[in-house]
Every structure is written in C-alpha cells, then in structure tokens.
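Read off the chains here:
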Amino acid sequence: MIRLENFEKKDYSELIDSVKNAKALMQFGGPEFTFPLTESQIDKTLSDENRVAFRVVNISNGSTIGHCEIYFYDGFAKLGRILIMDENQRGKGIGEQMVTLLLQYIFENRKERNIELNVFDFNVGAQKCYEKVGFILNPDKKYLREVDGETWTALNMVLNLEEWKNKN
C-alpha cells in the first residue's frame, strides 16, 4: 500500500538520482527537462502554481517508492511525471494505485473532471496500467519527441472523472 505526500525540496535528490540518462528523463519528464536533471529545473517546474507534485511513499516503512504530478489547465487535469523509482517494483500494481490516488485527490480537491495523460507508445506496461484504471486512448492527439536521434510517439489517454467515480 502507498500514500501520496507533498513533494518537497528535501525529496529532490532521490528523484534526481533515480533518473539515470537522457532517455529515462524524457520518458519521465518530457521535453521540459534536460539531462542531467537538476534542482533548478525542478524548482522552475514546481514554481508553477497549476502544478502539484507528490512523493509516493510505502506505508509499511515510509520509504520513497516514486513520484507523480498533476498539472491543471483550461479545465483539465493532466497526470504526469509518474515514476516508480525502483525498477524491481514495477509491474506489481503500484502504478495503478498511484493513478487511483491522483484521481481521488482531484475528485476531492478540485473541480476538473476531464483528466488526461501522455504515454510513449513503446511503454506498453504503463498503457495497460492506465487502461486498468479506466483511461482510453484519444486517437486525435499524438506528440512526436526527438530523443538521441530517435523519434518517439507519445499517445494521449483520457478519462472522465465523474464516470470513473460512478464505476468505482
């Protein structure tokens, strides 16, 4: 089991240490960051009052498991920067718990009901995780990103929070 706590300056180093290369940084943070990730880059992105960041905590021992954020804009809430830091913990349902907690946070604290996220097409595990929670592919929206001479395709997924809450 996990819980979300506010992501604070004292948590920066764990996040920075968990992002090992430029490709991992693009997959985690998108084009806003450049490798290596620095405290000043994190400060800049978190200075945006429309962004909320969380440290994902293992309830049993208080250790950091991951990181996740919500960005609010134009009546939408966008989930992003979802990271399970320890690769050995991936594929165990933690991502699903993280996304569910983010949706609960939005439902209880905000008025936005249209939720979206972007995921790279090769990250099939994450796509399946988001589908399990209730996200569906938005075929009308895709983004291309250049990473180390490769072109990556980011897919957009959407969820209506009222429909999600009624099902759960």
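Everything here concerns the structure above.
Everything quoted here is computed from the prediction, not taken from an experiment.

K.L.:
Talk me through the environment of Ala-53; I want residue IDs and the actual numbers.
P.N.:
Counting through the fold element by element, Ala-53 comes out in strand E2 (residues 51-58). Residue classification places Ala-53 among the buried residues on the basis of a relative accessible area of 9%. Considering only alpha carbons, one finds Ala-53 and Leu-4, 49 residues apart in sequence, at a separation of 9.2 Å. Contacts of Ala-53, omitting those with residues within four sequence positions, involve Glu-5, Asn-6, Phe-7, Leu-46, His-67, Cys-68 and Glu-69.

K.L.:
Tell me about the pattern of salt bridges, and name the residues and values.
P.N.:
With the rule as written, the count across this model stands at 14 salt bridges. Residue Glu-32 is joined to Arg-81 by a salt bridge in which the shortest nitrogen-to-oxygen separation is 2.9 Å. One end of the pair, Glu-32, is in the loop between helix H2 (22-29) and helix H3 (39-46); the other, Arg-81, is in strand E4 (residues 76-84), and 49 residues separate them in sequence. The salt bridge partner of Glu-162 is Arg-113, with a shortest N-O separation of 3.0 Å. Of the two residues, Glu-162 is situated in helix H6 (residues 161-167) and Arg-113 in the loop between helix H4 (94-109) and strand E5 (114-120); the sequence distance between them amounts to 49 residues.

K.L.:
I'd like a rundown of the side chain of Ser-18, residues and numbers included.
P.N.:
Structurally, Ser-18 is set in helix H1 (residues 12-18). If sequence neighbours within four positions are ignored, Ser-18 has contacts with Leu-83 and Met-85.

K.L.:
Pulling in residues and values, what's your account of H2?
P.N.:
Listing the buried residues of H2 in full gives Leu-25, Met-26, Phe-28 and Gly-29. Looking at the buried side of H2, the elements it contacts are H1, strand E3 (64-73), E4, E5, strand E6 (136-147) and strand E7 (150-160). The N-capping residue of H2, defined by a side-chain oxygen 3.2 Å from the backbone nitrogen of Lys-23, is Asn-21. Of the residues trailing H2, Gly-30 is marked for its positive phi of about 75 degrees.

K.L.:
Which residues make up H3, and what are the values?
P.N.:
For H3, the full list of buried residues reads Gln-41, Ile-42 and Thr-45. Down the axis, H3 shows its buried residues gathered within 100 degrees of arc, on one side only. Residues Ser-40 and Lys-44 are exposed on H3 and point more than 90 degrees away from its buried face. Those residues of H3 that are buried lie in contact with H1, E2 and E4.

K.L.:
So what about the environment of Glu-150? Which residues, and what values?
P.N.:
For Glu-150, the position within the fold is in strand E7. Taking relative accessible area as the criterion, Glu-150 reaches 34% and is therefore assigned partly exposed. Dropping the residues within four chain positions of it, Glu-150 is found in contact with Lys-23 and Arg-145.

K.L.:
Summarise the sheet that holds E5; cite the residues concerned and give the values.
P.N.:
Working definition: the strands of a sheet are paired by backbone hydrogen bonds and lie parallel or antiparallel to each other. Spatially, E1-E2-E3-E4-E5-E7-E6 is the arrangement adopted by the 7 strands of the open sheet, whose pairing is mixed. In this open sheet, the two edge strands, each paired with only one partner strand, are strand E1 (2-6) and E6. Averaged over all neighbouring strand pairs, the angle between strand axes comes to 30 degrees, with direction disregarded. In the sheet, E6 pairs with E7 via 9 bridges, with the strands oriented antiparallel. Residue pairing in the sheet places Lys-142 in a bridge with Leu-155 of E7. The sheet strands contacting H4 are E1, E2, E3, E4, E5 and E7, and the helix crosses E4 at an angle near 150 degrees.

Cut-off values and rules
Residues numbered from 1 in each chain as written. Predicted model: local features only at pLDDT ≥ 70, side-chain atom pairs only at ≥ 80, totals over all residues. Heavy atoms only, no water. Helix = DSSP H or I, 4+ residues; strand = E, 2+ residues; numbered from the N terminus. Buried < 20%, exposed > 50% of the residue type's maximum accessible area, 1.4 Å probe, protein only. Contact = heavy atoms within 4.5 Å. Salt bridge = Lys/Arg side-chain N within 4 Å of Asp/Glu carboxyl O. Polar contact = N/O pair within 3.5 Å; in protein donor to acceptor, adjacent residues only side chain to side chain. Arc of directions from axis to C-beta. Pairing = 2+ DSSP bridges. Axes fitted to C-alpha atoms, helices over the stretch in contact; angles between N-to-C directions.

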